Amino acid sequence: MAELVPVEPFDIVVFGATGDLARRKLLPALFHRWCDGQIPGSSRIIAVARDALSDEAFSKLAAEFALADSASAARKARWTEFIQHVQYIGVEADGAGPGWDALKLQLDECPDKLRIFYLALPPSIYGKTCESIGKHGLNTARARVILEKPIGHDFHSARLINAAVGEIFPEDAIFRIDHYLGKETVQNLLILRFANMLLEPVWNAIAIDHVQITVAESLGAGSRAGYYDRAGALRDMVQNHILQLLCLVAMEPPASLEADEVRAEKLKVLRALRIMTAEQAGSAIVRGQYEAGVSGGKEAPAYADEVGADTDTETFVAIRAEIENWRWAGVPFYLRTGKRMRRRRSEIIIQFKPVPHDIINADSGIMQPNRLIIRLQPDEGVKLMMMTKDPGPGGVRLRYVPLNLSYAETFDKNYPDAYERLLMAVVRGNLGLFMRRDEVEAAWRWTDAVVQAWRDGACPLHFYAAGTDGPERATTLLGRDEREWFDA
Ligand code: BG6
């Protein structure tokens, strides 16, 4: 396990504590940090949701995902210890109700302690919830709030949410989570780019042909179909996770790793993204939706069957994006994400240009341009494809082989998952791993134009069978540019 630095004691109030996110991700994350000794014993977790539940009933609900049946006796004992620090209070987050007084009573026991509110709630009630936090005087000088993505469903709603939250909390107390920024391999992007002399001089339109960013999932919308059908792949994945990845790949070197230095550079990239007209979107975007198929060796239902109605929501999107600045002029960024794809795979591929002058005989083999493959998950690693001479006599024979850095082979350690890391980053006040208000709004501006183009009928839905690489049309998107998706 990576080196542990304990954080200061804190109280965390998890709104939406009976929901999927809290049970699957947040409580397990807090439990794991607790087990590793990173969370001091005087910290408290206050789980809050609408229902009236006893602490025992909540503890059972929380254990479902945090504690595997097969957990060792020692682990189970740790859970019993951990759950003593978890208290459940029934509170109507966006209402008044007596629950708020009970919450206040609890929090007031430690008025000077670092206090964190995690809003694992629908974004439409972020504003109202913060208003209630303010009304009950819970927003002390040491209070912080965590907002889950998506912040709103468009630029306008995001602005309203940001303004309402901003009434109660100052910007440096607002932590907008994009859990991709908590992934080890995503954090490594900055180090890869800015702690190695080798890459930066060629990290531009002179040497790079194009960039591919793929976040493919093998799972379908499943039990989240209700939420997902209102969001779709564009709002659920592209507006946040994929654009954040694009920013980290495309941004200029910040003056330091200080939060606002990094965020300012990311913002410039978002502002330089070409806003598409309907006509441009028509040729630069492919929307897809999965039909029934075989995924992971099992029959998988069609998305519409999961939703239970005909729906126009996209479960796949591929986009040819462009960044209008000196560094990236003419370099397409192909973005692709989808559910129920052939396999789970997130990666960034930087495709370099061919050498300017080829001195090798054609019969020695095919010259291929360098390719840098950054695998975010699974099998985290970095691979640089290089041309080499196949060893041995008999003249020059070319071989295209990888310089391979596999995390599993190189680093003999486990590391905390994204939510564990981000929760600890909030306690430390490390804003660099979270999105600033202007970043979120700039990402929505670009996304809104895409949605508008879709509303104008620019991008009809193309179907794909579950368990495949998405609609055929996505292949044509690159084919037209005489390029192809790499299956690294
Ligand atoms: C979430 C999306 O933000 O990210 C989900 O809402 C998606 O739809 C998930 O499945 C993917 O995250 P990860 O960490 O599994 O790649």
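Predicted model only: the values in this text are computed from it and were never measured.

Visitor: Whenever I open this one, the pairing of strand S11 (residues 316-321) confuses me. Can you help?
Guide: Each regular strand displays side chains that alternate between the two surfaces of the sheet. The buried fraction of S11 is high, at 5 of 6 residues. Where strand S8 (residues 285-291) meets S11, 4 bridges bridge the pair, whose relative direction is antiparallel. Across the sheet, residue Val286 finds its bridge partner in S11, namely Ala318. With 6 bridges connecting them, S11 and strand S12 (residues 333-338) associate as antiparallel partners. Looking at the pairing, Ile319 lines up with Leu335 of S12.

Visitor: Would you mind going over the packing of helix H1 (residues 20-35) against helix H13 (residues 418-428) with me for this structure?
Guide: For any two helices packed against each other, the geometry comes down to the angle between their axes and how far apart the axes lie. Where H1 meets H13, the axes come as close as 8 Å, and the angle between the chain directions of the two elements is 65°. The orientation of H1 with respect to H13, classified from their angle, is roughly perpendicular. In the crossing of H1 with H13, the sense of the turn from one axis to the other is right-handed. Every residue of H13 that contacts H1 at Leu21, Lys25, Leu26, Ala29, Leu30, His32 and Arg33 is listed here: Tyr419, Glu420, Leu423 and Met424. Residues belonging to the contact of H1 with H13 are distributed by class as follows: 7 nonpolar, 1 polar and 3 charged.

Visitor: Whenever I open this one, the sheet that holds S11 confuses me. Can you help?
Guide: Sheet strands pair by backbone hydrogen bonding; their relative direction is either parallel or antiparallel. Strand order in the open sheet formed by 9 strands is S16-S15-S14-S13-S7-S12-S11-S8-S17, with mixed pairing between adjacent strands. Each of the sheet's edge strands pairs with one partner strand only, and the pair in question is strand S16 (398-406) and strand S17 (461-465). Ignoring which end each strand starts from, the neighbouring axes of this sheet average 20° apart. Relative to S16, strand S15 (residues 381-389) runs antiparallel, the two sharing 9 bridges. Among the inter-strand pairings, Gly381 is bridged to a residue of S16, identified as Ser406.

Visitor: How do you make sense of the site of the ligand when you look at a structure like this?
Guide: As a structural note, the neighbourhood of the ligand is formed by Lys149, His179, Tyr180, Lys183, Glu217, Arg224, Asp236, Met237, His241, Lys339 and Gln377. Arg224 places a polar side-chain atom, nitrogen or oxygen, 2.8 Å from an oxygen atom of the ligand. Between Lys339 and the ligand, the recorded distance is 2.8 Å, taken from a side-chain N or O atom to an oxygen atom. Protein burial of the ligand: of its 400 Å² of free accessible surface, 81% is covered by the chains. For the shell around the ligand, the element with the most residues is helix H8 (residues 225-250), which contributes 3 residues. In terms of residue class, the shell around the ligand is made up of 2 nonpolar, 3 polar and 6 charged.

Visitor: Help me understand the pattern of salt bridges, please; the structure alone is not making it clear to me.
Guide: Close approach of charged atoms lets side chains of opposite charge pair. This structure, assessed with the given rule, holds 43 salt bridges. Within the structure, one salt-bridge network assembled from shared partners comprises Arg342, Arg343, Arg345, Glu347, Arg375, Asp379, Asp469 and Asp487.

Visitor: I keep staring at the nonpolar core and nothing clicks. Help me out?
Guide: For soluble globular proteins, the rule of thumb is that nonpolar side chains tend to be buried together. Counting 109 residues, the largest nonpolar core has Phe15, Phe117, Phe169 and Phe333 as the members making the most contacts within it. Of all the elements, H8 adds the most residues to this core, at 14 residues. Setting aside residues no more than four positions away along its own chain, Phe169 makes contact with Phe117, Cys130, Ile133, Asn139, Ala143, Arg144, Val145 and Ile174. With 46 residues, the next largest nonpolar core counts Phe31, Cys35, Ala71 and Ile83 among its residues.

Visitor: Can you walk me through the side chain of Gln106 in this structure?
Guide: Summarising the element assignment, Gln106 is placed in helix H4 (residues 99-108). Classification of Gln106 by relative accessible area gives buried; the value is 18%. Filtering out sequence-adjacent residues up to four positions away, Gln106 remains in contact with Arg44, Ile46, Gln87 and Ile89.

Visitor: Mind showing me how you'd approach the sheet that holds strand S2 (residues 44-49) here?
Guide: Spatially, 6 strands are ordered S3-S2-S1-S4-S5-S6 in an open sheet, and the strand pairing comes out parallel. Each of the sheet's edge strands pairs with one partner strand only, and the pair in question is strand S3 (86-90) and strand S6 (174-176). In this sheet, adjacent strand axes meet at a mean angle of 20° when their direction is disregarded. Pairing between strand S1 (residues 10-15) and S2: 5 bridges, direction parallel. Residue pairing in the sheet places Val14 in a bridge with Ala47 of S2.

What counts and what doesn't
- Here the residue numbers are simple positions, counted from 1 along each chain's written sequence.
- pLDDT decides what is reported in this predicted model: residues at 70 or higher carry local features, side-chain atom pairs at 80 or more are listed and counted, and totals for whole chains, interfaces and linings draw on all residues regardless.
- With hydrogens and water set aside, each side-chain value is computed from the structure's full complement of heavy atoms.
- Only protein chains enter the accessibility calculation, which uses a 1.4 Å probe; a residue whose area is less than 20% of its type maximum is buried, one above 50% is exposed, and one in between is partly exposed.
- Secondary structure counts use DSSP, requiring at least four H or I residues in a row for a helix and at least two E residues in a row for a strand, with both numbered from the N terminus.
- Any two strands between which DSSP finds at least two bridges are classified as paired.
- Interaxial angle, 0 to 180 degrees, is taken between N-to-C directions of lines fitted to C-alpha atoms, where a helix line uses only the stretch in contact.
- To sort the angles, those under 35 degrees are grouped as roughly parallel, those over 145 as roughly antiparallel, those from 65 to 115 as roughly perpendicular, and the leftovers as oblique.
- Each crossing gets its hand from how the near helix is turned against the far one by less than a right angle, where anticlockwise is left-handed and clockwise is right-handed.
- Two residues qualify as a contact provided that any one of their heavy atoms is within 4.5 Å of a heavy atom in the partner residue.
- Each residue is assigned to one of three groups, with Ala, Val, Leu, Ile, Met, Phe, Trp, Tyr, Cys and Pro labelled nonpolar, Asp, Glu, Lys and Arg labelled charged, and all others, Gly among them, labelled polar.
- If even one non-hydrogen atom of a residue comes within 4 Å of a molecule or strand, that residue is called near it.
- For this analysis, a polar contact is any N or O atom pair within 3.5 Å, provided that within protein one partner can donate a hydrogen and the other can accept it, and provided that sequence-adjacent residues contribute only side-chain to side-chain pairs.
- Exposure was quantified through the Shrake-Rupley algorithm and a 1.4 Å probe, taking into account, for residues, occlusion by the shown protein chains and nothing else.
- Salt bridges are identified by distance alone: a Lys or Arg side-chain nitrogen within 4 Å of an Asp or Glu carboxyl oxygen.
- For our purposes a nonpolar core is just a set of buried Ala, Val, Leu, Ile, Met, Phe, Trp, Tyr and Cys residues, chained together by side-chain atoms within 4.5 Å.

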